[in-house]
Amino acid sequence: MRFLRNHIITHKSLLTLFAVDFTSALLLMATFLIIIKIPASNPVTFISHLLPEAILLTLPAILLWPRGRYITTTIFTLVAIFFFVNILYFRNFHNLITFSTLRLCTTVDSIILRSALSSIKWYDFILFIPPAITAITGFTAFDKTASTRISGKAKITVLILSAVIISLSQYKHFRDFTIYSISRGHMPENASLPEKTRLFFQNNASFYSDIIRHGISGAYLIDAWHTCNIIAGAVAMSAEDINAIKTWHDSEHQTSPPGTLRQKNLIMIIVESLNTTACEWSAGNRKAMPNLNRLIADSTSITFTSVCPQVGNGRSSDGQLMYNTGIYPSPSDPMCAISPEGPYPSLPRMLRDTYYSIEIIPENPRLWNHASTSKAYGFKEMRHTLADDDPVVEADSILLSKAYNIISEMQEPFIAVITTLSMHDPYIQAPPATTWISQVPDMEDTDKNYLEACAVFDKALGTFIDRLWHTTLRENTIVVIVSDHEARRMCLSPAMSDDRLLFTIVNSGLPGFTNDETVGQIDVFPTIVDAMGLWDSVTWHGFGKSLLREIPGFALRHDGSIAGNAMSDTAGIARQQRAAELSYRWIVADNKRYILDSLGIDSTILPPSATD
């Protein structure tokens, strides 16, 4: 402190104080950008991302001096905390927190916290050094600077310079984006300035890419405007878009096999973080998931081993959206955050008069607004918190045991959707598991722990199916087993993480086969409709393809890129891009009930019927 007073704080003490604040702001911003790996092709680009936010963080100290010494430290501390949480979110969701996702903070539970806290790195705490520097410097220097006043002319000069620098930085982002877009063929070279500006500010595939495009403050300003529009009132979907949805499958409508109306019961098990690699993995002729492999090998099982993940920020909730409704998730915000009430198209809604429907979940229904989304999908009943208080590794055994008891007493025909939990990351076990999987040499510990969790689920699945097949339900029930999303890459080695999901229909009643061509999660819903023999009996098939009729060979990823053979079907790719656009408009529309009515689907929101 004495050195700081005697040697740093001179007659230019106020200027020194602001310089320290500005340098601390630069350090805070640089640390955050480096940790979240914002790409910078050169130092100028990196500085263009640093300067605007550093200026904005420093301005209160100058404009509100001498009270600014309190405000600056407070702002720096709050920003550091927000960046810290954002980093944990980024490591788990590969995106950054938006204002919409902030609305989900009250739904977070111990599962999400455990996953987030497991991803903390020691260098994350560098974020808290700048607030400490501003606090120490400000309070040490205050005695020498408290009586100093900053003139109004000086403040105006600072504001003008700040505006110029921020504008130049935004122009740099705009110029870089224009050059990149022209080089990739996304924008014609002779595009007008309004056309370039419109493309620059239009919604992008992810908030992370918006940060790259606009900088942090710019991206959050656009996101705030976007969120306010959603909260204030969504725009009704146009008659043209509704007509496109109504006629989406007219050109493909077929009365031919594979299915005829059989009023099959449906049990769909949506498996947490199941990679196809885990199902295929073996060592010494022993598989980690022998029961699932046995089911796949059955002569009436239809299996797809290369389902491309198409989930976004919502992860599990996005997967559930696609499987229950056949529409794409939002490219920017989880549906469960921006419009969880629906209603949305689904088999429970289309078959409400003939089928009983139930959703069975292990956790508390407030997680990701599950209580609201269950009603949005039209389920008549929800059973929840079936394994919420038990160790996660045991959750699926308890869940599937209770699910069997519930399903075996249900009136047919029925639809039962079960979501699992045991394979949720992080894959850390204390004490470590000691089965044969953990004794396999030359494997990452996280891979072993993940496979151990897969084995626990597999055993529970085998018991569930065996018990089910000893009842009369075997004669008239198909069981769908499908991954909700891929296991997080940060949690596993590259060998275990190849972004292939599994989708299998057990006891399909059709000749079985296994296919390894690329398909999408969006194709699961129409395939289930077809496998149940309902293709000609329901008014909505979803935006995907029935894999019993056609294998696309490609899938539209969440970021807009194409998985599989991108040249296989240019018209089909364009059609799926249009479907993703319609899906987003559908999710944010305020006339969802009218859309369902137009499709001839029951849009009634049933009263709560949830049981622990």
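Cut-offs used in this document
- Residues numbered from 1 in each chain as written.
- Predicted model: local features only at pLDDT ≥ 70, side-chain atom pairs only at ≥ 80, totals over all residues.
- Heavy atoms only, no water.
- Salt bridge = Lys/Arg side-chain N within 4 Å of Asp/Glu carboxyl O.
- Helix = DSSP H or I, 4+ residues; strand = E, 2+ residues; numbered from the N terminus.
- Buried < 20%, exposed > 50% of the residue type's maximum accessible area, 1.4 Å probe, protein only.
- Patch = residues over 30% accessible without salt bridge, like charges linked within 9 Å, V, L, I, M, F, W, Y side chains within 5 Å.
- Areas by Shrake-Rupley, 256 points an atom, 1.4 Å probe, with all protein chains shown as cover.
- Lys, Arg positive; Asp, Glu negative; His and termini not counted.
- Contact = heavy atoms within 4.5 Å.
- Phe/Tyr/Trp six-rings, centres within 6.5 Å; stacked < 30°, edge-to-face > 60°.
- Arc of directions from axis to C-beta.
- Pairing = 2+ DSSP bridges.
- Axes fitted to C-alpha atoms, helices over the stretch in contact; angles between N-to-C directions.
- Parallel < 35°, antiparallel > 145°, perpendicular 65-115°, else oblique.
- Left-handed = near helix turned anticlockwise from the far one by under 90°.

K.L.:
Which residues make up the pattern of salt bridges, and what are the values?
P.N.:
Pairs can form between side chains of opposite charge whenever their charged atoms are close. Scanning all chains against the criterion turns up 15 salt bridges. In this structure, the salt-bridge partner of Lys172 is Asp176, at a minimum N-O distance of 2.6 Å. Of this pair, Lys172 and Asp176 are both found in helix H8 (residues 152–183), four residues apart, which corresponds to roughly one turn of the helix. When the shortest N-O distance is used, the salt bridge between Glu581 and Arg578 registers 3.4 Å. With Glu581 and Arg578 both in helix H21 (residues 570–588) and three residues apart, the pair spans about one turn of that helix. Taking the relative accessible area as the measure of exposure, Arg578 reaches 25% and is therefore partly exposed. A cluster of three or more residues bridged by salt bridges with shared partners is formed by Asp241, Arg578, Glu581 and Arg585.

K.L.:
Give a detailed account of a nonpolar patch on the surface, specifying residues and quantitative values.
P.N.:
On the surface, a cluster of nonpolar side chains totalling about 390 Å² of accessible area is made up of Ile156, Ile160, Val164 and Leu168. Considering the arrangement of structural elements, one finds Leu168 in helix H8. Relative accessible area serves as the criterion here: at 55%, Leu168 is assigned to the exposed category.

K.L.:
Tell me about the side chain of Asp484, residues and numbers included.
P.N.:
When you line up the elements, Asp484 lands in the loop between strand S8 (477–483) and strand S9 (501–506). Despite its burial, Asp484 pairs with no opposite charge; the closest candidate is Arg315, at 7.0 Å N-O. Among residues more than four places away in sequence, those in contact with Asp484 are Ile270, Val271, Glu272, Ser273, Val311, Arg315, Ser316, Gly319, Tyr323 and Gln521.

K.L.:
Would you mind going over the packing of aromatic side chains in detail, with residue names and values included?
P.N.:
The geometry of an aromatic ring pair is captured by the separation of the ring centres together with the interplanar angle, meaning the angle of the planes. The full count for this structure, using the stated rule, is 15 aromatic pairs. With 3.9 Å between their ring centres and 10° between their planes, Phe32 and Phe83 make a pair best called stacked. Here Phe83 lies in helix H4 (residues 68–93) and Phe32 lies in helix H2 (residues 13–35), a separation of 51 residues in the sequence. An identical accessibility class is assigned to Phe32 and Phe83; each is buried. Where Phe543 meets Trp586, the ring centres are 6.4 Å apart and the plane angle is 85°; that geometry is what we call edge-to-face. Of this pair, Phe543 sits in the loop between helix H20 (524–531) and strand S12 (554–556) while Trp586 sits in helix H21, placing them 43 residues apart in sequence. Taken together, Trp248, Trp540, Phe543 and Trp586 form an aromatic cluster joined through their ring pairs.

K.L.:
Hey, could you go over helix H11 (residues 239–246) for me, with residue numbers and the actual values?
P.N.:
Those residues of H11 not exposed but buried are Asp241, Ile242, Ala244 and Ile245. Along H11, the residues classed as buried sweep out an arc of 155° about the axis, all on the same side. In H11, the exposed positions that point more than 90 degrees away from the buried face belong to Ala239 and Glu240.

K.L.:
Got a sec to walk through the pairing of S9? Specific residues and values, please.
P.N.:
Most of S9 sits out of view: six of its six residues are buried. Residues Leu501, Phe503 and Ile505 point to one face of S9 and Leu502, Thr504 and Val506 to the other, with burial holding for every one of them. Pairing between strand S4 (residues 302–308) and S9: four bridges, direction antiparallel. Within S9, the residue paired with Thr303 across the bridge is Thr504. As defined by bridge partners, S8 adjoins S9 across four bridges and the pair is classed as antiparallel. Note on S9: the bridge partner recorded for Val479 is Val506.

K.L.:
Describe the packing of helix H3 (residues 43–63) against H8, naming the residues involved and giving the relevant values.
P.N.:
One can describe the packing of H3 onto H8 by two numbers: an axis separation of 9 Å at closest approach and a directional angle of 155°. Of the possible angle classes, the one that applies to H3 and H8 is roughly antiparallel. Classified by chirality, the crossing of H8 by H3 is left-handed. For the pair formed by H3 and H8, the contact residues are Val44, Thr45, Ser48, His49, Leu51, Pro52, Ile55, Leu56, Leu59, Ile62 and Leu63 on the first element and Lys155, Val158, Leu159, Ser162, Ile165, Ile166, Ser169, Lys172, His173 and Asp176 on the second.

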